[in-house]
Amino acid sequence: AGVSALGSGFSGFIFSSIQSSFVNPWNYKPNHAPFEAYPDEKYFSQPDLLHRVPLSFIIIAAISGILLSCAIALVSRPTEEEKKCLAETSQRLLDNGTGNGGKS
């Protein structure tokens, strides 16, 4: 569970860095303030930057697809020994959850 939570949080960190370096390699600053009431709310208006945004979605989708394909390739059916171990562990957890050590 910890590994999947770590992967979920860490992927945002990695993907945002990749996306930023691809979309805005020139390090443009937002320069367009469309709302007079909110002058500090600025957006990008540079055409060369804006044209790279749709392609960045395709790149992130391709990277995600490759990672997901690797994960699917690693999934396998548990062996009989693994099933037995899982059943024993599950039963032990259920017994401890009753508060009486499994005694009726």
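As the structure is a prediction and not an experimental result, all values here were calculated from the model.

Moving on to the overall build of the protein chain. Looking only at helices and strands, the protein chain features four helices and zero strands. Across the protein chain, helices and strands are ordered from the amino to the carboxyl terminus as α-α-α-α. Relative to the 2.2 N^0.38 estimate, which gives 13 Å for 104 residues, the radius of gyration of the protein chain is 25 Å and therefore markedly larger than a compact globule would have. Counting over 104 residues, the protein chain shows a buried share of 7%. By element, 65% of the accessible surface of the protein chain is carried by carbon and sulfur atoms, the whole surface being about 8,700 Å².

Below, the discussion takes up the environment of I18. Mapping I18 onto the fold places it in helix α1 (residues 2-23). When its relative accessible area of 30% is taken as the criterion, I18 is described as partly exposed. Separated by 38 residues in the primary sequence, I18 and S56 have C-alpha atoms spaced 9.0 Å apart.

Averaged over all residues, the pLDDT of the protein chain equals 87, while 90% of them reach at least 70. Per-residue pLDDT, averaged within each element of the protein chain, yields its smallest value for α1 (81) and its largest for helix α2 (residues 47-50) (96).

Okay, the side chain of N24 next. Its place among the elements puts N24 in the loop between α1 and α2. Looking at N24, its side chain comes within polar contact range of the main-chain nitrogen of N27, at 3.1 Å. Non-local contacts of N24, meaning those with residues more than four positions away in its chain, are made with Q19, F44 and L49.

Criteria and cut-off values
- Residues numbered from 1 in each chain as written.
- Predicted model: local features only at pLDDT ≥ 70, side-chain atom pairs only at ≥ 80, totals over all residues.
- Heavy atoms only, no water.
- Helix = DSSP H or I, 4+ residues; strand = E, 2+ residues; numbered from the N terminus.
- Rg over C-alpha atoms; globule rule 2.2 N^0.38 Å.
- Buried < 20%, exposed > 50% of the residue type's maximum accessible area, 1.4 Å probe, protein only.
- Areas by Shrake-Rupley, 256 points an atom, 1.4 Å probe, with all protein chains shown as cover.
- pLDDT = per-residue confidence, 0-100.
- Polar contact = N/O pair within 3.5 Å; in protein donor to acceptor, adjacent residues only side chain to side chain.
- Contact = heavy atoms within 4.5 Å.

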